[in-house]
Amino acid sequence: MINERQTYYVTLATGEISQISTASDWNYTIYANNEEIEELREIFNENRATDWGNYFRAHVPYLEYHYDKGNDIYDRHICAIYDKLYELGDENAKAHIEQILPLLNRNKE
């Protein structure tokens, strides 16, 4: 029963993952087991840590966004979050992600 998938509701902006649909406004419905939820939480945590580093780096006026490794890492985390949400999401989640992220290649080799 531990590996049985359950329904979760994900709020992208805060990284919140809840089993209660009325707990807050949510963006995506996913079906995941405990291990998959831990993986998603880890990606959100890594992204939050990178975001803090980028916040402090943003106060350095001469460093442009496209030359900043921290921003590249943040972008990779966002893509990893969307990949995981796509993998675990319901049909509405998948359709929405396909609509907003046309550049992500879903047929990775």
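Preceding this paragraph is the structure being described.
Residues numbered from 1 in each chain as written. Predicted model: local features only at pLDDT ≥ 70, side-chain atom pairs only at ≥ 80, totals over all residues. Heavy atoms only, no water.

A. Structural context of the overall build of the protein. Looking only at helices and strands, the protein features three helices and three strands. Helices (α) and strands (β) of the protein occur, in sequence order from the N terminus, as β-β-β-α-α-α. Of all 109 residues assigned to the protein, the portion counted as buried reaches 33%. For the protein, the proportion of contacts with a sequence separation of at least 24, taken over those separated by at least 6, is 50%. As displayed, the protein offers around 7600 Å² of accessible surface, 52% of which is attributable to carbon and sulfur atoms. (Helix = DSSP H or I, 4+ residues; strand = E, 2+ residues; numbered from the N terminus. Buried < 20%, exposed > 50% of the residue type's maximum accessible area, 1.4 Å probe, protein only. Contact = heavy atoms within 4.5 Å. Areas by Shrake-Rupley, 256 points an atom, 1.4 Å probe, with all protein chains shown as cover.)

B. Fine view of the environment of arginine 76. The topology assignment puts arginine 76 in helix 2 (residues 69-88). C-alpha of arginine 76 to C-alpha of asparagine 47: the two residues are 29 residues apart in sequence and 8.9 Å apart in space.

C. View of the sheet that holds strand 3 (residues 28-32). Spatially, 2-1-3 is the arrangement adopted by the three strands of the open sheet, whose pairing is antiparallel. Single-partner strands in this sheet number two, and they are strand 2 (16-18) and strand 3. Within this sheet the neighbouring strands show an average axis-to-axis angle of 30°, counted without direction. Pairing between strand 1 (residues 6-11) and strand 3: five bridges, direction antiparallel. Opposite tyrosine 9, over in strand 3, you have threonine 29 as the bridge partner. (Pairing = 2+ DSSP bridges. Axes fitted to C-alpha atoms, helices over the stretch in contact; angles between N-to-C directions.)

D. Spotlight on the nonpolar core. Val10, Ile17, Tyr28, Ile30, Leu40 and Leu85 are the most contacted members of the largest nonpolar core, which totals 17 residues. Mapped by element, the contributors of at least two residues to this core are strand 1, strand 3, helix 1 (34-57), helix 2 and helix 3 (91-100). Here the element with the most residues in this core is helix 2; it accounts for five residues. Leaving out residues up to four positions away in the same chain, leucine 40 has contacts with Val10, Ile17, Ile30, Lys84 and Leu85. (Core = buried A, V, L, I, M, F, W, Y, C linked by side-chain atoms within 4.5 Å.)

Functional significance is not addressed by these values, which are geometric in nature.
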